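# A closer look at the structure
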Amino acid sequence: MKNKRVLYIFLAFFIIVVIVLLSSVLFSVNDAVLAPKQQSVMVDSNNVQSEFSNLIGKNIFFIDVAQITDGIEKNNPYIKVINIERIFPSTVKLHYRERKEVFCLKVGSGFAALDSEGKVLDIRSAQDNILIDIDYSSYNPAVSDFIEDENILSILSLYDAFKSMTSEGKNYDEILFKGYFEKVYSSSSGNNLCINTNFGGEIEIIDFRQQLYSKLYVGLQLFLDELSDLERTYAKVIVNNALEASIMT
């Protein structure tokens, strides 16, 4: 009985010590560091630093990572937070990358610049990206909103399909993507994806929600490797479910 009482007293004392230590100045954040994954052109690092520095003075153990991440991404639309690293005893580091403008969607308030995840990065008066040619003018999103329409999100996957077409020594990014394509839209049935190229010709992918990566590869390979410069200005390449590409001129 006496041993149990001693054990209880020891546990209570231990818990009190742990609480005191966790609440002590030793574990108060005194340094909030930004760690971008690459050079960020569209991110206002001063604004991000100011917001992230609000953590200074808070206990490093009790930081609400989800709330901080949501706030930073909401107020800084071009940021994609990778993680917030705790470096004990008193430093936090924000790892992030810059979201890239890939698509443009006509909305009620203008043209919404979207990244590949459907986040609205900016709303402007003119189109300057690959246009998703779907009537979305009844929708008025705010900057930092995410597009939730399944038809739009399906089309956005075109960028990831394009990025998957990589090999050693090649880097397919949004700049190269924009160099190939001008406008994308779904067919009247909604099952086919039509891609207007910057050459003038077109690629149509049948049933694009199935095997989009492979179909895009087959269609683009034929378009670039088997058509002449002149043919690329007017030809239409169609890719079917059997991963066969044909040419309409």
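For the structure itself, look to the data block above.
Below is a short write-up of the structure.

A few words on the sheet that holds strand S10 (residues 202-205). Ordered in space as S6-S5-S4-S7-S8-S9-S10-S11-S12, the 9 strands form an open sheet in which the pairing is mixed. Edge strands, defined here as strands with exactly one partner in the open sheet, are strand S6 (120-124) and strand S12 (245-248). Strand-to-strand twist across the sheet, computed as the mean angle between neighbouring axes with direction ignored, equals 25°. Bridge analysis of strand S11 (residues 236-239) against S12 gives 4 bridges, and the strand direction is antiparallel. The partner of Val 237 across the bridge, within S12, is Ile 247. In this fold helix H4 (residues 150-163) packs onto strand S4 (103-107), strand S5 (110-114), strand S7 (130-136), strand S8 (181-186) and strand S9 (193-197), with an angle of close to 170° to the strand it touches most, S7. Across the sheet, helix H6 (residues 212-225) touches S8, S9, S10, S11 and S12, and the angle it forms with S10 is around 150°.

In this section: the nonpolar core. Grouped together as the largest cluster of nonpolar side chains are 37 residues, with contacts concentrated most on Phe 103, Leu 114, Ile 132, Phe 177, Phe 181, Ile 195 and Leu 216. With 7 residues, the top contributor of residues to this core is H4. Setting aside anything within four residues of it in sequence, one finds Leu 114 in contact with Lys 100, Glu 101, Val 102, Phe 103, Leu 105, Lys 119, Val 120, Leu 121, Ile 132, Ile 147 and Leu 156. Ranked by size, the runner-up nonpolar core spans 20 residues in total, among them Ile 60, Ile 79, Ile 84 and Tyr 96.

Now for the packing of H4 against H6. Interhelical geometry of H4 versus H6 gives an angle of 65° and a closest axis separation of 9 Å. For the element pair H4 / H6, the angle class is roughly perpendicular. In the crossing of H4 with H6, the sense of the turn from one axis to the other is right-handed. Residue-level inspection shows Ser 157, Leu 158, Asp 160, Ala 161 and Phe 162 of H4 in contact with H6, the latter providing Leu 212, Tyr 213, Leu 216 and Leu 220. Classifying every residue of the contact of H4 with H6 by side-chain character gives 7 nonpolar, 1 polar and 1 charged.

Before going further, it helps to examine H4. Taking 1.5 Å of rise per residue, the 14 residues of H4 would be expected to cover 20 Å, and the 21 Å separating its terminal C-alpha atoms lies within 8% of that figure. Within the span of H4, buried status applies to Ile 152, Ser 154, Ile 155, Leu 156, Leu 158, Tyr 159, Ala 161 and Phe 162. Structurally, the start of H4 carries an N-cap: the backbone nitrogen of Asn 151 is 2.9 Å from a side-chain oxygen of Asp 149.

Cut-offs applied
Residues numbered from 1 in each chain as written. Predicted model: local features only at pLDDT ≥ 70, side-chain atom pairs only at ≥ 80, totals over all residues. Heavy atoms only, no water. Pairing = 2+ DSSP bridges. Helix = DSSP H or I, 4+ residues; strand = E, 2+ residues; numbered from the N terminus. Axes fitted to C-alpha atoms, helices over the stretch in contact; angles between N-to-C directions. Contact = heavy atoms within 4.5 Å. Core = buried A, V, L, I, M, F, W, Y, C linked by side-chain atoms within 4.5 Å. Buried < 20%, exposed > 50% of the residue type's maximum accessible area, 1.4 Å probe, protein only. Parallel < 35°, antiparallel > 145°, perpendicular 65-115°, else oblique. Left-handed = near helix turned anticlockwise from the far one by under 90°. Nonpolar A, V, L, I, M, F, W, Y, C, P; charged D, E, K, R; others polar. Expected span 1.5 Å × (residues − 1). Polar contact = N/O pair within 3.5 Å; in protein donor to acceptor, adjacent residues only side chain to side chain.

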